[in-house]
Every structure is written in structure tokens, then in C-alpha cells.
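Coordinate analysis (summary)
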Amino acid sequence: MNYTSTRNSALKVTSAHAIVKGLSDEGGLYVPESIPKLTKEEILSFCDKPYVDRAFDVFSKFLTDFTKEELRYCVEGAYNDKNFDTNNIAEIKKLKEGRYVLELWHGPTCAFKDMALQILPYLLTTSAKKTVDGKHISILVATSGDTGKAALEGFKDVPGTSISVFYPEDGVSPMQKRQMTTQDGANVNVCAVKGNFDDCQNGVKAIFTDKDIEQKLAAKNILLSSANSINWGRLAPQIVYYVSAYAQLIKDKEIEYGEKVNVVVPTGNFGNILAAYYAKLMGIPVNKLICASNSNNVLTDFINTGVYDRNRQFYTTISPSMDILISSNLERLLYHLTGCDDKLINEWFDSLKNSGRYEVNESVKAKLGELFCAGCCDDSETKAEIRKTFNEEHYLLDTHTAVAVKVYDDYKAKTGDTTKTIIASTANPYKFGRAVFDAVDGGAQPEDEFELIAKLEAATDTKMPAPLAATKGKAIRFTNTVEKQEMGDIVLGFLNK
Ligand SMILES: *Cc1c(COP(=O)(O)O)cnc(C)c1O
């Protein structure tokens with residue numbers, strides 16, 4: 001199986017190459033040349049396998065340049081009960097009326113990014129051995145919260161790697177900051193930047209393109225790489241949990257083989273929902289892919305009209321991981337829906353770069369309409385959904401998942417579709433404790449994060465997950481705050497140790 005680029009269909013590379021490089025030279029995203037299929041026997045065989053074996057089988061189809069031993073090493077390093085608080089890795093909670101919440105946050109940082117970032121270091125170091133033998137891989141991450149911590153947990157103490165994370169001084173929640181600044185591991189560095197997320201991101205991009213830094217690091221046999229969500233090594237692991245969830249629902253006798261399911265995904269960069277689309281192409285019977293957005297509803301408009309227009313107000317919401325106006329992974333979907341037309345993709349994405357807008361053709365519009373439905377809701381509707389689900393079913397949703405549930409409820413009311421539905425749950429509610437507490441209780445909030453959490457526990461009779469509780473007694477290791485021009489020196493200093 002080879003990989004090609006969304007902006008150059010003539011390109012052919014191995015999966016190892018795609019994973020090490022992240023982004024193709026001409027700026028395109030790596031996509032598999034064809035999508036491998038799952039047979040009925042294979043899907044049914046997953047019912048009696050643990051998650052780690054389901055992952056192994058799915059990866060075997062996409063990463064054909066990896067040996068069986070290499071893939072075993074990767075999946076077993078990632079999907080075990082040391083990293084996840086359950087052997088099932090992802091849990092399914094049944095709500096009423098045919099809704100199944102797929103909890104993707106049982107990993108070490110309590111957010112769904114762990115599903116991919118726990119395995120990415122293994123995929124990356126294995127890929128590096130095959131393509132750039134012997135080089136030390138140093139990861140740079142600019143983060144507005146969840147990705148930074150998940151990447152730190154994934155890469156900490158992985159041989160042959162190190163990681164530097166930059167976050168905006170005032171741009172992350174107190175809990176997110178605490179999670180990052182108490183990070184352990186001998187190969188990690190965390191630094192606050194005086195500025196906003198864009199400053200951090202631009203600073204990281206500047207380091208990647210700095211020839212002087214590149215040379216200095218090359219002399220030490222170090223290669224810089226990124227862990228962002230356009231890397232194929234982050235997307236492939238996400239396909240696994242949709243395949244796994246379908247098999248699990250068969251095993252639990254909730255559905256029969258061949259029965260269609262809807263999938264609802266709270267969406268930001270379009271990685272998670274794209275993985276569900278790939279699962280459908282592999283043969284998982286998916287009826288509608290339902291794309292849920294918050295007030296930053298650029299995707300809702302796009303799916304409903306075929307016009308992508310980022311020229312609009314940006315909202316800071318209580319579901320911050322979805323506060324995005326450019327959803328990078330959409331490019332992969334469009335590449336497939338145009339029948340691999342790299343010229344059209346270049347045209348549209350040039351237009352996005354130059355004017356912030358593009359419009360797809362009638363054929364793509366029609367396909368989008370067949371495959372997807374889209375909806376959005378604002379913060380007050382999100383809170384109302386958290387309150388309603390808690391009051392009616394005693395199940396506590398986080399703010400992102402609540403957007404998905406609300407958009408699904410609207411979809412069902414409008415269409416009358418009673419197909420059973422998987423709702424991707426992307427974070428544990430305690431990661432966004434203030435908004436969740438406001439939704440279910442509405443009372444005064446103590447300033448201290450752990451006092452607030454104690455109140456949320458008391459109000460809902462639920463428990464803060466262990467990894468968040470563990471940050472309480474931990475010493476702060478990283479206190480550095482720098483100007484954005486200093487980021488390069490910080491990286492060099494860290495790697496020169
Ligand atoms: C990253 C993230 C999302 C968005 O996922 P995409 O794959 O970028 O669409 C949604 N919810 C949470 C909690 C996240 O961390």
C-alpha cells in the first residue's frame with residue numbers, strides 16, 4: 001500500500017515515509033492510494049478480540065511496510081492498561097433511544113487525543129528506523145491545551161525522541177496548564193510564550209524553516225518533526241476505534257452484523273470524523289456521518305452549501321478544542337470525493353489561502369450531502385444539553401461531547417431517523433469542570449481548581465479521573481515564560497544538554 005499527496009497524485013511513498021515527513025513537500029496531505037476493505041469474517045472476528053488485536057489487524061492493512069513484529073511493538077506499547085484506565089481502551093455507554101456514547105478519553109490525559117498520541121511515538125520511531133536510520137527525532141508542538149499534554153504523555157521517555165511544547169501564557173485553562181507544567185519524563189520540555197496561540201504556532205513554524213537551526217541539529221543527528229493532527233500516524237489510529245466500536249456493538253448484541261449506524265462527531269480539525277469516513281470506506285456500515293460544531297460553524301455552512309468561507313467572526317467558546325476556522329483534514333476528504341483530482345485541490349486550497357474561501361463543484365456537493373449531515377449549537381445550548389442529559393440519564397457530558405449530543409437531537413427531530421447512533425465523546429467532563437459545573441449546578445464557583453472539582457463531584461456524585469487528581473500533589477517542573485523570538489534558542493538549549 002502506497003501513499004500519495006492530495007496536491008500531487010503522481011507521488012508514491014511508503015507509510016513510514018509519510019509518517020516521518022508529516023506534510024508532503026508541495027504542501028499536500030498524505031493519503032492512502034486505495035482504502036483496504038474489511039470482510040464480514042474479519043469484522044465478526046473482531047468481536048472476540050481485545051482492542052490491541054483489533055488495532056493490529058487494522059494497522060496491518062494500512063501500514064504494509066511495517067513488519068508484524070514492528071506493528072506488535074507499536075500497538076502493545078500504546079494500548080495497554082498502564083496507559084489506559086480500562087483494558088477496553090475505549091468504552092461504550094448506552095444512553096436511551098439508540099444512542100451509544102463512545103468514550104475516547106480513558107487515556108492518560110483524559111482526552112481523545114490520547115487514542116492517537118499514545119501510539120504515534122512508536123509509529124514515528126519505527127518509521128524513522130526504516131527511513132532516516134539512527135536519527136534522534138525531536139518533536140515540536142504549539143498547543144492551545146489538549147494536544148500539548150497528550151503529546152507529552154505519548155513521547156515522555158520514548159527512546160530516540162524528545163519533545164518541546166509551547167503554550168500561550170494566558171491561553172490555556174488552569175487545569176491544562178497544571179497538567180503540562182507538572183509533566184514528568186527526562187526528554188520533555190515545556191515553555192510558556194508571551195503571546196497567543198498563533199504566536200506559538202508561528203514561532204514553531206519559524207523554527208521548522210530556520211536553516212541555521214536545522215544545520216546545528218543535523219550536526220547532532222537530530223531531526224525535527226511535528227505531532228500535529230494532519231500526520232497520517234495520527235489519523236490511522238482513529239480509524240481503529242470506529243471499527244472496534246462496531247464490532248463491540250455486535251458482540252454486545254446491540255446491533256446485528258450489517259446493520260447501519262450513524263456516527264456523530266464533535267469536530268474541529270476534521271480528523272476524528274474523517275477517520276469515521278475511512279471506517280465506512282473499509283466496510284463498516286455507516287448511514288450518516290453527522291458533523292457537530294460550536295458557534296464556529298464554518299463546517300456546518302460548508303456541508304450545507306458547498307462554500308467554505310473562513311472570513312467570519314471567531315468565537316471563544318466553552319468547547320475550545322473546536323474553536324477552529326480552518327479544518328485541515330477536510331482536504332483529505334475532498335481529495336477522495338473529487339476522485340483524486342489534485343488540480344482541483346490545488347485550486348481550492350490556493351483560493352482558501354488567498355481569499356479565505358472556496359466553493360466545491362456540484363458533484364462534490366452532492367456527495368457531501370449523501371454522506372454527511374451537519375449542525376451547530378452555541379454555548380447556552382451546550383450547557384442546556386449537559387443539564388438535560390445529566391438530569392434525565394445521570395450521565396455527565398463534557399462540553400465538546402454535549403455539542404455532538406445536541407446536534408444529534410436536532411438531526412433526529414428534523415429527520416425522524418431512528419438508526420442507532422454512535423456519539424464520539426472526546427473529553428472527560430472534569431477537563432472542562434467550570435463550564436460543566438455551571439451547567440449542572442449554576443452556583444458560585446471557588447477560584448481554586450480543586451475546590452471547584454470537589455463541588456462538581458458532590459453535585460453530580462461522580463469522580464474526577466485519577467490522572468487529573470494526580471496533578472494535585474505534583475511539583476511544578478516548568479516555570480519558564482519567554483518572548484516568541486526566543487523559542488528557537490529554547491529548543492537549541494534543550495537539545496544541547
Ligand atoms: C481535538 C478535539 C476535538 C476536535 O477533533 P478534530 O479531530 O480536530 O475534529 C474535539 N474535542 C476535543 C475534546 C478535542 O480535544
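In case you missed it, the structure is sitting above this.
Nothing here was measured: the structure is a model prediction, and the numbers come from that model. (Residues numbered from 1 in each chain as written. Predicted model: local features only at pLDDT ≥ 70, side-chain atom pairs only at ≥ 80, totals over all residues. Heavy atoms only, no water.)

**Topic: unusual backbone geometry**
Counted only if it meets this: Going along the chain from the N terminus, every DSSP run of H or I of four or more residues is numbered as a helix, and every run of E of two or more is numbered as a strand. Only protein chains enter the calculation, and the probe is 1.4 Å; a residue is then buried if its accessible area is under 20% of its type maximum, exposed if over 50%, and partly exposed in between.
Of note in this structure, Phe270 is not a glycine but carries a positive phi near 75°. Turning to its location among the elements, Phe270 is positioned in the loop between strand E10 (261–266) and helix H12 (271–282). Taking the relative accessible area as the measure of exposure, Phe270 reaches 1% and is therefore buried. With a phi angle near 55°, Asp461 is a residue other than glycine that sits in the positive phi range. Structurally, the position occupied by Asp461 is in the loop between helix H20 (449–460) and helix H21 (466–469).

**Observations regarding the sheet that holds E10**
Rules: Pairing between strands is defined by DSSP: at least two bridges between the two strands are required. The angle between two axes is taken between their N-to-C directions and runs from 0 to 180 degrees, where each axis is a line fitted to C-alpha atoms and a helix contributes only its stretch in contact.
In spatial order, the strands read E4-E5-E15-E10-E11-E14; together these six strands make up an open sheet with mixed pairing. In the strand order of this sheet, the two ends are held by strand E4 (91–94) and strand E14 (372–376), each with one partner. Between one strand axis and the next, the sheet turns by 25° as a mean value, whatever way the strands run. Relative to strand E11 (residues 286–293), E10 runs parallel, the two sharing five bridges. When the bridges of E11 are listed, Val265 appears paired with Cys291.

**As for the site of the ligand**
Defined as follows: A cutoff of 4 Å decides nearness: a residue is near a molecule or strand if any of its heavy atoms lies inside that distance of it. Under this definition, polar contacts are N or O atom pairs within 3.5 Å; protein pairs additionally need one hydrogen-donor-capable and one acceptor-capable atom, and for neighbouring residues in sequence, both atoms have to be side-chain atoms. All accessible areas in this document rest on Shrake-Rupley with a 1.4 Å probe, and a residue is counted as covered only by the protein chains that are shown.
Looking at the ligand, there are 15 residues lining it, with Lys113, Gly268, Asn269, Asn272 and Thr426 nearest. Between the ligand and Asn269 there is a distance of 2.7 Å, counted from an oxygen atom to a backbone nitrogen or oxygen. Protein chains bury 96% of the 390 Å² of accessible surface belonging to the ligand in isolation.

**Considerations on the sheet that holds strand E3 (residues 30–32)**
Strand pairing in a sheet relies on backbone hydrogen bonds. The paired strands run either parallel or antiparallel. Reading across from one edge, E2-E1-E3 is the order of the three strands in this open sheet, with antiparallel pairing throughout. Here the strands that pair on one side only, and so sit at the sheet edges, are strand E2 (8–13) and E3. Along the sheet, successive strands turn relative to each other by an average axial angle of 40°, direction set aside. Bridge analysis of strand E1 (residues 3–5) against E2 gives two bridges, and the strand direction is antiparallel. If you follow Ser5 over to E2, its bridge partner there is Asn8.

**Considerations on the packing of helix H14 (residues 330–337) against helix H15 (residues 342–355)**
What counts here: Take the far helix as your reference; a near helix turned counterclockwise from it by less than a right angle gives a left-handed crossing, and one turned clockwise gives a right-handed crossing. Contact criterion: two residues are considered in contact whenever any of their non-hydrogen atoms come within 4.5 Å of each other. Only Asp, Glu, Lys and Arg are considered charged in this grouping, and only Ala, Val, Leu, Ile, Met, Phe, Trp, Tyr, Cys and Pro are considered nonpolar; every other residue, Gly among them, is considered polar.
Close contact between H14 and H15 brings their axes to 9 Å; oriented N to C, the two are set at 140°. Crossing handedness for the pair H14 and H15: right-handed. Listed contacts from H15 to Glu331, Leu334 and Tyr335 of H14 are Asp342, Ile345, Trp348 and Phe349. When the residues that make up the contact of H14 with H15 are grouped by side-chain class, the tally is five nonpolar, no polar and two charged.

**Some remarks on helix H4 (residues 68–78)**
Cut-off, in case you're wondering: This arc corresponds to the set of directions leading from the helix axis out to the C-beta atoms.
Along H4, the positions that sit buried rather than exposed are Leu71, Cys74, Val75, Gly77 and Ala78. Looking down the long axis of H4, one finds its buried residues gathered within 165° of arc, a one-sided arrangement. Structural note: H4 exposes Lys68 and Glu69 on the side pointing more than 90 degrees away from its buried face. Against the buried residues of H4 lie helix H3 (51–62) and helix H6 (120–131).

**Things to note about the packing of helix H17 (residues 379–393) against helix H19 (residues 433–440)**
Running from N to C, H17 and H19 point in directions that differ by 65°, and their axes come no closer than 8 Å. Where H17 crosses over H19, the two elements pack in a sense that is right-handed. Contact residues: Lys383, Ile386, Arg387 and Phe390 in H17; Ala435, Val436, Asp438, Ala439 and Val440 in H19. Of the residues belonging to the contact of H17 with H19, the class tally is six nonpolar, no polar and three charged.

**What about the pairing of E4?**
Bridge count for E4 against strand E5 (residues 99–103) is four bridges, and the pairing is antiparallel. Each bridged residue has a counterpart across the sheet, and for Ile92 the counterpart in E5 is Leu102. What sits between E4 and E5 in their antiparallel hairpin is a turn of four residues, with Glu97 showing a positive phi close to 60°.

**Focus: the pattern of salt bridges**
Spelled out, the test is: The term salt bridge refers to a side-chain nitrogen of Lys or Arg lying within 4 Å of a carboxyl oxygen of Asp or Glu.
In this structure the tally under the stated criterion is 31 salt bridges. Asp301 is the salt-bridge partner of Arg312, the closest N and O atoms lying 3.0 Å from each other. You can see Arg312 sitting in the loop between strand E12 (307–309) and H14 and its partner Asp301 sitting in helix H13 (residues 298–305), a full eleven residues away along the chain. With a relative accessible area of 30%, Asp301 lands in the partly exposed category. One salt bridge connects Lys365 with Glu359, and the closest N-O pair in it is separated by 3.0 Å.

**Some details on the packing of aromatic side chains**
Which entries qualify depends on this criterion: Between the rings of Phe, Tyr and Trp (Trp by its six-membered ring), a pair exists once the centres lie within 6.5 Å; its type follows the angle of the planes, with under 30 degrees stacked, over 60 edge-to-face, and the other angles tilted.
Summed over all chains, the structure comprises 15 aromatic pairs. Taking the centre distance of 5.7 Å and the plane angle of 85° together, the rings of Trp232 and Tyr278 count as edge-to-face. Of the two residues, Trp232 sits in helix H11 (residues 232–251) while Tyr278 sits in helix H12, which places them 46 residues apart along the sequence. Owing to a relative accessible area of 0%, Trp232 belongs among the buried residues under this scheme. Judged by its relative accessible area of 0%, Tyr278 falls in the buried class. Residues Phe270 and Phe372 carry aromatic rings whose centres are separated by 6.0 Å and whose planes lie at 40° to one another, so their mutual orientation is tilted.

**Considerations on the environment of Val243**
You can see Val243 is positioned in helix H11. As a C-alpha pair, Val243 and Met282 span 39 residues in sequence and 8.8 Å in three-dimensional space. Not counting chain neighbours up to four residues away, the residues in contact with Val243 comprise Leu38, Phe46, Val58, Ala279 and Ile284.

**Things to note about the environment of Tyr358**
Here Tyr358 shows up in strand E13 (residues 357–359). Taking relative accessible area as the criterion, Tyr358 reaches 3% and is therefore assigned buried. For Tyr358 and Asp81, which are 277 residues apart along the polypeptide, the C-alpha to C-alpha distance reads 45 Å. If sequence neighbours within four positions are ignored, Tyr358 has contacts with Phe302, Gly306, Val307, Tyr308, Leu330, Leu334, Trp348, Phe349, Ser351 and Leu352.

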